[in-house]
Protein chains: 2
Amino acid sequence: MDLLGISVRWPIVGAPMAGGPSTPTLTAAVSRAGGLGFLAGGYLTAEALAQQIAEVETLGVSSFGVNLFVPGNPEVDEGALDTYLDSLRPEAERFGVEVTPKWDDDHFSEKLELLIGHPPSMVSFTFGCPPSDVVARLQDAGTRVVITVTTPAEASMATQVGADAVCAQGIEAGGHQANFVDDTAPDAGWGLLALVTAIRHETHLPVIAAGGVMTGAAVAAVVRAGAVAAQLGTALLRCPESGASEMYKAALADPRFTWTSTTRAFSGRRARGLVNDFMRAHPDAPSAYPHINNATRAMRQAALARRDPHATNLWAGQGFALARDRPAAEIIAAIGAEFDAVTT
Amino acid sequence: MDLLGISVRWPIVGAPMAGGPSTPTLTAAVSRAGGLGFLAGGYLTAEALAQQIAEVETLGVSSFGVNLFVPGNPEVDEGALDTYLDSLRPEAERFGVEVTPKWDDDHFSEKLELLIGHPPSMVSFTFGCPPSDVVARLQDAGTRVVITVTTPAEASMATQVGADAVCAQGIEAGGHQANFVDDTAPDAGWGLLALVTAIRHETHLPVIAAGGVMTGAAVAAVVRAGAVAAQLGTALLRCPESGASEMYKAALADPRFTWTSTTRAFSGRRARGLVNDFMRAHPDAPSAYPHINNATRAMRQAALARRDPHATNLWAGQGFALARDRPAAEIIAAIGAEFDAVTT
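Reading guide: rules and limits
Residues numbered from 1 in each chain as written. Chains lettered and ligands numbered in written order. Predicted model: local features only at pLDDT ≥ 70, side-chain atom pairs only at ≥ 80, totals over all residues. Helix = DSSP H or I, 4+ residues; strand = E, 2+ residues; numbered from the N terminus. Rg over C-alpha atoms; globule rule 2.2 N^0.38 Å. Contact = placed C-beta atoms within 7 Å. Least-squares fit on C-alpha atoms with pLDDT ≥ 70 in both. Buried ≥ 20, exposed ≤ 12 C-beta atoms within 10 Å, placed from the backbone. Nonpolar A, V, L, I, M, F, W, Y, C, P; charged D, E, K, R; others polar. Pairing = 2+ DSSP bridges. Axes fitted to C-alpha atoms, helices over the stretch in contact; angles between N-to-C directions. Parallel < 35°, antiparallel > 145°, perpendicular 65-115°, else oblique. Left-handed = near helix turned anticlockwise from the far one by under 90°. Core = buried A, V, L, I, M, F, W, Y, C linked by C-beta atoms within 7 Å. pLDDT = per-residue confidence, 0-100. Right-handed = clockwise from strand over helix to strand, strands pointing away.

Caption draft 1: Seen up close, the overall build of chain A. What chain A contains, in helices and strands, is 12 helices and 13 strands. In summary, chain A has a C-alpha radius of gyration of 19 Å against a globular reference of 20 Å for 344 residues, a match within 12%. Considered along the principal axes of its C-alpha atoms, chain A spans approximately 55 × 45 × 40 Å. Counting only contacts in chain A whose residues sit at least 6 apart along the sequence, the fraction spanning at least 24 positions is 68%.

Caption draft 2: Local environment of the relation of the copies chain B and chain A. Between the two copies, chain B and chain A, the superposition gives an RMSD of 0.0 Å; the rotation angle is 180 degrees and the shift along the axis is 0.0 Å. With respect to symmetry, the two chain copies, as superposed, fit the operation of a two-fold axis. Interface overlap between copies is the fraction of interface residues in one copy that are interface residues in the other; for chain B against chain A it reaches 100%, indicating a shared surface.

Caption draft 3: Region of the structure containing helix 8 (residues 216–224) of chain B. Residues and elements named next belong to chain B. Most of helix 8 sits inside the fold, with nine of its nine residues counted as buried. Three or more residues of helix 8 are buried, namely Gly216, Ala217, Ala218, Val219, Ala220, Ala221, Val222, Val223 and Arg224. Just beyond helix 8, the residue with positive phi is Gly226, at close to 115 degrees.

Caption draft 4: Molecular detail of the interface of chain B and chain A. Across the contact, 35 residues belong to chain B and 35 residues belong to chain A. For the side of chain B that touches chain A, the elements supplying multiple residues, two or more each, are helix 7 (192–202), helix 8 and strand 12 (260–263) of chain B. In the side of chain B that touches chain A, the residues fall into 20 nonpolar, 12 polar and three charged.

Caption draft 5: Layout of the sheet that holds strand 5 (residues 64–69) of chain A. Residues and elements named next belong to chain A. Strand order in the open sheet formed by eight strands is 3-11-10-8-7-6-5-4, with parallel pairing between adjacent strands. Either end of the sheet is taken by a strand with one partner, and the two such strands are strand 3 (12–14) and strand 4 (37–40). Strand-to-strand twist in this sheet, taken as the mean axis angle between neighbours without regard to direction, amounts to 25 degrees. Judged from the four bridges that link them, strand 6 (residues 122–126) and strand 7 (residues 144–149) form a sheet pairing that is parallel. Its bridge partner being in strand 7, Phe125 is matched across the sheet by Ile147.

Caption draft 6: View of the packing of helix 8 (residues 216–224) of chain A against helix 12 (residues 328–343) of chain A. Residues and elements named next belong to chain A. Axis separation between helix 8 and helix 12 bottoms out at 7 Å; the angle between their running directions is 55 degrees. In this view, helix 8 runs oblique relative to helix 12, as classed from their interaxial angle. With respect to the hand of their crossing, helix 8 and helix 12 are arranged in right-handed fashion. Only Ile335, Gly336, Ala337, Glu338, Phe339, Ala341, Val342 and Thr343 of helix 12 make contact with helix 8, whose side of the interface consists of Gly216, Ala217, Val219 and Ala220.

Caption draft 7: Representation of the nonpolar core. Among the nonpolar cores identified, the biggest contains 232 residues, and Val166(A), Val222(A), Val166(B) and Val222(B) are the most heavily contacted of them. Filtering out sequence-adjacent residues up to four positions away, Val166(B) remains in contact with Val146(B), Ile147(B), Val149(B), Ala155(B), Ala158(B), Ile199(B), Leu205(B) and Val207(B).

Caption draft 8: Region of the structure containing the packing of helix 3 (residues 78–94) of chain A against helix 11 (residues 291–305) of chain A. Residues and elements named next belong to chain A. At their nearest, the axes of helix 3 and helix 11 sit 11 Å apart, and the two run at 10 degrees to each other. In terms of orientation, helix 3 lies roughly parallel with respect to helix 11. On the side of helix 3, the interface is formed by Leu81, Tyr84, Leu85, Leu88, Glu91 and Ala92, while helix 11 contributes His291, Ile292, Ala295, Thr296 and Met299. Classifying every residue of the contact of helix 3 with helix 11 gives eight nonpolar, two polar and one charged.

Caption draft 9: How the structure looks around the confidence of the model for chain A. For chain A, the average pLDDT comes to 96, and 98% of its residues sit at 70 or higher. Listed scores for the predicted complex are pTM 0.97 and ipTM 0.96.

Caption draft 10: Quick peek at the pairing of strand 4 of chain A. All names here are of chain A. By the alternation rule, side chains of strand 4 split into Gly37 and Leu39 and Phe38 and Ala40, which are all buried. Examined bridge by bridge, strand 4 and strand 5 share four bridges and lie parallel to one another. Opposite Gly37, over in strand 5, you have Phe64 as the bridge partner. Between the parallel pair strand 4 and strand 5, the chain is carried across by helix 2 (residues 46–58), and the sense of this crossover is right-handed.

Caption draft 11: Examining the pairing of strand 11 (residues 229–232) of chain B more closely. Residues and elements named next belong to chain B. Here strand 11 shows a buried face lined by Ala229 and Gln231 and a second buried face lined by Ala230 and Leu232. Pairing of strand 3 (residues 12–14) with strand 11 involves three bridges; the strand directions are parallel. For Gly14, the partnering residue across the bridge sits in strand 11 and is Leu232. Here three bridges tie strand 10 (residues 207–210) to strand 11, and the two strands are oriented parallel to one another.

Caption draft 12: Structural detail: unusual backbone geometry. Residues and elements named next belong to chain A. The omega torsion of the bond from Tyr289 to Pro290 falls at 5 degrees, within 30 degrees of zero and hence cis. Looking at the secondary structure, you find Pro290 in the loop between helix 10 (277–281) and helix 11. Even without being glycine, Arg307 reaches a positive phi, approximately 55 degrees. Tracing the sequence through the fold places Arg307 in the loop between helix 11 and helix 12. The exposed category is assigned to Arg307, around which 12 C-beta atoms lie within 10 Å.

Caption draft 13: Focus on the sheet that holds strand 12 (residues 260–263) of chain A. If you walk across this open sheet you meet the three strands as 9-13-12 (chain A), and the pairing is antiparallel. Of all strands in the sheet, those with a lone pairing partner are strand 9 (175–176) and strand 12 of chain A, marking the two edges.

Caption draft 14: Quick look at the environment of Leu304(B). Looking at the secondary structure, you find Leu304(B) in helix 11 (residues 291–305). Note: C-alpha distance between Leu304(B) and Glu246(B) (58 residues apart in sequence) is 9.5 Å.

Caption draft 15: Layout of helix 7 (residues 192–202) of chain A. Within helix 7 of chain A, nine of the 11 residues are buried, which leaves it mostly tucked inside the rest of the structure. Within helix 7 of chain A the residues assigned to the buried category are Leu192(A), Leu193(A), Ala194(A), Leu195(A), Val196(A), Thr197(A), Ala198(A), Ile199(A) and Arg200(A). In the core, the buried residues of helix 7 of chain A are packed alongside helix 6 (152–160), strand 8 (165–169), strand 10 (207–210) and helix 8 of chain A together with helix 7 and helix 8 of chain B.

Caption draft 16: How the structure looks around the environment of Phe64(A). Residues and elements named next belong to chain A. With respect to the helices and strands, the residue Phe64 is situated in strand 5. C-alpha separation for the pair Phe64 and Val30, spaced 34 residues apart in sequence, amounts to 8.9 Å. In contact with Phe64, other than residues within four places in its own chain, are Thr27, Ser31, Leu36, Gly37, Phe38, Leu39, Val56, Pro120 and Ser121.

Encoded structure:
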């Protein structure tokens with residue numbers, strides 16, 4: 001079938017999962033299995049991203065996407081940020097690390113130029129709406145441009161800058177919520193089905209539906225609601241091609257982790273993960289991304305090194321209990337077969 | 001088609017909306033139009049509920065459901081409750097009313113006996129899981145028993161007491177969230193599609209899907225995800241048969257109300273409504289239902305009398321912008337026609 005001009009067997013996109021889980025092997029495996037794999041450009045330098053793109057291409061895969069994080073506002077409530085970071089210092093000391101906040105632009109411009117010069121099939125943006133000239137330059141280079149949105153208002157903005165499609169992210173999704181209009185609005189979190197419905201009434205852009213989709217029946221459900229595809233991340237998190245750490249993969253299958261919740265505690269931006277001690281200890285945190293994300297990085301890495309699942313982020317969508325430790329190709333094939341069974 | 005042994009034209013249930021919106025006329029109109037209408041037994045005396053049932057039957061409708069609220073725990077954090085109620089007194093004084101908390105059992109036993117003696121097609125329960133003998137007595141009387149759940153764990157409990165089906169309520173839903181296992185769990189709110197998927201893997205019970213469903217495409221989507229029907233409330237809130245006040249109906253169509261959020265501010269139990277001044281002024285409230293609901297009732301009624309939409313609850317689901325001021329029969333027929341169009 002056709003997905004925005006790209007040939008796929010099933011309407012399944014492999015979600016970009018920045019910070020480790022997405023790997024060139026996983027991306028290639030998803031595309032080869034009949035979906036559209038994605039590299040996660042977030043947190044990478046342009047050189048590292050170029051290397052990952054080369055690796056996917058070396059694996060003989062030419063249809064895949066790349067996701068970029070759009071830089072946000074450096075200005076935050078410094079007082080609230082300082083107070084919050086002070087509350088983290090006892091935990092940081094336990095790990096022997098510093099807590100240093102820093103804004104950065106995630107090498108956005110360099111990675112953008114890389115992609116314009118070496119265009120992948122699709123580029124999706126998260127945490128912001130790029131200006132129309134950026135969208136047009138990518139399109140002129142032959143790339144489909146997708147903007148991740150969490151509200152109908154954000155979908156309108158994506159339409160106005162000329163995007164080819166939106167990725168509608170529901171509150172069910174694992175990892176960071178992509179809100180860019182107002183991350184602090186009360187209960188900004190739309191459920192996926194209501195969001196897809198509302199966006200379909202707001203814009204004529206195709207919609208890729210993301211958040212909590214774990215099965216072929218759920219893929220078929222979002223397609224019936226009007227989406228052109230579903231984007232699955234957590235469903236692939238435990239597979240051998242995923243770069244998630246063994247500790248993280250084990251936590252996803254550990255019956256002691258029964259809940260997910262959204263939190264700003266790790267990064268200053270709302271994100272969904274398995275509820276652990278750190279999240280419980282810090283129920284509130286200011287909106288300050290990537291300042292807090294950079295401040296907690298050393299602690300999170302130290303926790304990872306000590307295999308302590310309670311002091312690092314364990315991003316996971318609401319459906320994580322259905323994630324399986326199987327090769328990515330098997331997971332995509334099983335979900336695809338179920339999609340076929342319910343749609344024919 | 002068949003809905004738990006009840007003949008309907010479309011897999012559409014009219015949600016019970018307690019406190020006014022559900023009326024015998026609305027209930028009858030939904031059933032006659034091809035769905036299954038529901039009376040909202042919550043907040044009514046047994047006599048008032050008997051009267052409403054008689055009115056539906058007088059309208060020649062025999063297939064409909066009745067919803068009951070299961071009484072909760074009288075014990076709450078009294079200190080937190082007092083502190084919260086003190087914070088409401090300035091607003092109450094402005095309206096010249098008292099703020100008096102009270103637990104009650106919502107006449108549960110009397111209404112249950114009424115229904116066992118005069119069994120409707122379906123009885124659904126909200127805010128709790130009735131014991132298996134209550135479920136069995138209703139079933140013996142010829143009624144299908146549905147328990148409203150918000151998590152897979154609650155669905156398991158419903159299975160254990162012998163319910164015929166669960167109503168899976170997503171975080172998108174307007175009005176009160178039905179959580180009964182742990183209303184204070186962090187971010188208990190499952191998105192509807194992920195919840196239906198998880199419950200289908202947890203139990204073999206049929207699932208009625210509730211929360212943010214506004215269109216025939218969305219009804220078809222939840223059916224594809226494995227639900228036997230969708231339950232729609234907000235979609236019917238503005239219709240002439242709805243008992244919602246004119247002020248409330250006007251607010252649903254007022255572009256100044258752009259957001260919904262969940263709040264405990266009005267009732268002590270998390271519920272979704274249009275964000276108004278009262279919700280903004282009281283971002284936090286303790287878990288104490290129905291104590292706070294009873295305490296704020298006089299103020300909410302006074303605000304209604306003054307047509308002040310900012311001091312009363314305006315329950316609405318996330319998809320409220322798609323609610324239409326059309327007769328219920330037209331709304332059901334339009335949603336049904338869209339369902340037919342996407343499923344055939």
